[in-house]
Amino acid sequence: MAHDAPGGPSGPTKLVIRNIGMLLSGRLEEPILDADTIVATNGRITAIGRAKDCDTDGATTLIDAHGSPVAPGLIDSHVHPVAGDWTPRQSQLNWIDSSMHGGVTTMISAGEVHMPGRPRDIVGLKAMAITAQRIYSSFRPGGVKLHAGAPVIEHGMTEADFKDLADAGVSLLGEIGLGGVKDGPTGRKMVEWARKYGIQSTIHTGGPSIPGSGLIDKDVVLECDADIVGHINGGHTALPDDQIRCICEGCRRGLELVHNGNERSALYTLRTARDMGQLERVILGTDGPAGSGVQPLGILRMVSMLSALGDVPAELAFCFATGNTARMRKLDCGIIEVGRTADFVFLDKPQHSAGKNLLHAVQLGDLPGIGMVVIDGLVRAGRSRNTPPATLVPEVVHG
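Residues numbered from 1 in each chain as written. Predicted model: local features only at pLDDT ≥ 70, side-chain atom pairs only at ≥ 80, totals over all residues. Heavy atoms only, no water.

Draft legend 1. Inspection of helix α2 (residues 122-138) at higher detail. In this model, α2 (17 residues) spans 25 Å end to end at C-alpha, consistent with the 24 Å of a helix rising 1.5 Å per residue. Gly124, Leu125, Lys126, Met128, Ala129, Ala132, Gln133 and Tyr136 are the residues of α2 that are buried. Against the buried residues of α2 lie α1 (95-100), β12 (145-147) and α3 (159-167). (Helix = DSSP H or I, 4+ residues; strand = E, 2+ residues; numbered from the N terminus. Expected span 1.5 Å × (residues − 1). Buried < 20%, exposed > 50% of the residue type's maximum accessible area, 1.4 Å probe, protein only. Contact = heavy atoms within 4.5 Å.)

Structural data, given as structure tokens:
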């Protein structure tokens, strides 16, 4: 297992991507952009458009997409990291790097709950959260940006504890319900303290997932009013449909659908959000590592499943894994627009797919093939070792 983050450039960089066949924006309002060229300087997008209108001179890295579609790097809204790129849950190495080969460039921790001997006392849980935040700020397996340090709240915490966490750089809470706090009144009080200090909260939804967790039903979810309704389709056991609808209608928070959940309930939630005209609330995660393992292609599989079985145009389904999550999580990636981080995934229909193009293949239920992954304007992977081979593949011409 590598112990250092991938090295960065020693000087200024200019990335030029030309001959893009289709540019997915990550925005529901305009999911496909009229552009064939992207320019990024020092890891941030500086131009999007037609080649003749962009300053492409002086590129330190030039990529010819050869007609391959490009999308924002995918975001996994729900992971459970522990130490480096290893998970004791399945005793597996390099699961984060493997997810990068599935197009994931950013991950959000929902709590480092699989740490052996995880402390439950307040001093210990704060120390562990701060440590995780520091570690993954410095360590980026495969270049993936993992926002970690998500303490699981316990009874006895006070407002001062949340201020201490925020002052130390912690910006996330682990899933409410995985620790001792499983009731609405206590959860709501702590969510309000977290929100006061800029810490975003997620609540476990559904039946128990690991020993020590418990049922969190609609009443607790609605009373706690966490920022993200974590795995509303269960992790793994989902609530009944009437409770899912009650949650969708009873709050305006993020509706997180995960790979390690109930697929039928995910489709029910998607239909409910669409009927309400609120697809912008739908975000995606894997909820891995978990008892069912790790899923390097979990986000791609969710995009394909929701498009194919949920009757959602593929270009909108990609927004669930990019722009929707970026907005909900207040990230500067996930959307292709000037000023944002230059995180891209080159992907196309898999070879021999019945689909006519990338979007048609996804709507038929096929997994896209990934030809390249770029993070912060730097090429982190060529053709994916995990996806089926893409039909169109980009090439680094220079750099």
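Next comes the rest of the description.
Draft legend 2. Fine view of the sheet that holds β12. The three strands are arranged β8-β11-β12 in an open sheet whose pairing can be described as parallel. Both outer strands of the open sheet, β8 (74-79) and β12, are each paired with one neighbouring strand and no more. For this sheet, the mean angle separating the axes of adjacent strands, direction not counted, is 20 degrees. By the bridge criterion, three bridges tie strand β11 (residues 104-109) to β12 in an arrangement that is parallel. Looking at β12, one finds that Ile108 is bridged to His147. (Pairing = 2+ DSSP bridges. Axes fitted to C-alpha atoms, helices over the stretch in contact; angles between N-to-C directions.)

Draft legend 3. Seen up close, helix α6 (residues 241-250). All of the buried residues in α6 are Gln243, Ile244, Ile247 and Cys248. Projected down its long axis, α6 shows its buried positions confined to an angular sector of 140 degrees, all on one face. Across from the buried face of α6, at angles greater than 90 degrees, the exposed residues are Asp242 and Gly250. (Arc of directions from axis to C-beta.)

Draft legend 4. Layout of the packing of aromatic side chains. Considering all chains together, one arrives at two aromatic pairs under this definition. Considering the side-chain rings of Tyr136 and Phe139, the 6.5 Å spacing of their centres and the 55 degrees angle between planes classify their relative orientation as tilted. Overall, Tyr136 belongs to the buried group, its relative accessible area being 2%. Ring centres of Phe162 and Trp193 lie 5.8 Å apart, and the angle between their planes is 50 degrees; this geometry places the pair in the tilted category. Pair noted here: Phe162 is in helix α3 and Trp193 is in helix α4 (residues 184-196), with a separation of 31 residues, a long-range link. (Phe/Tyr/Trp six-rings, centres within 6.5 Å; stacked < 30°, edge-to-face > 60°.)

Scope: geometric values only; no functional claims are made or implied.
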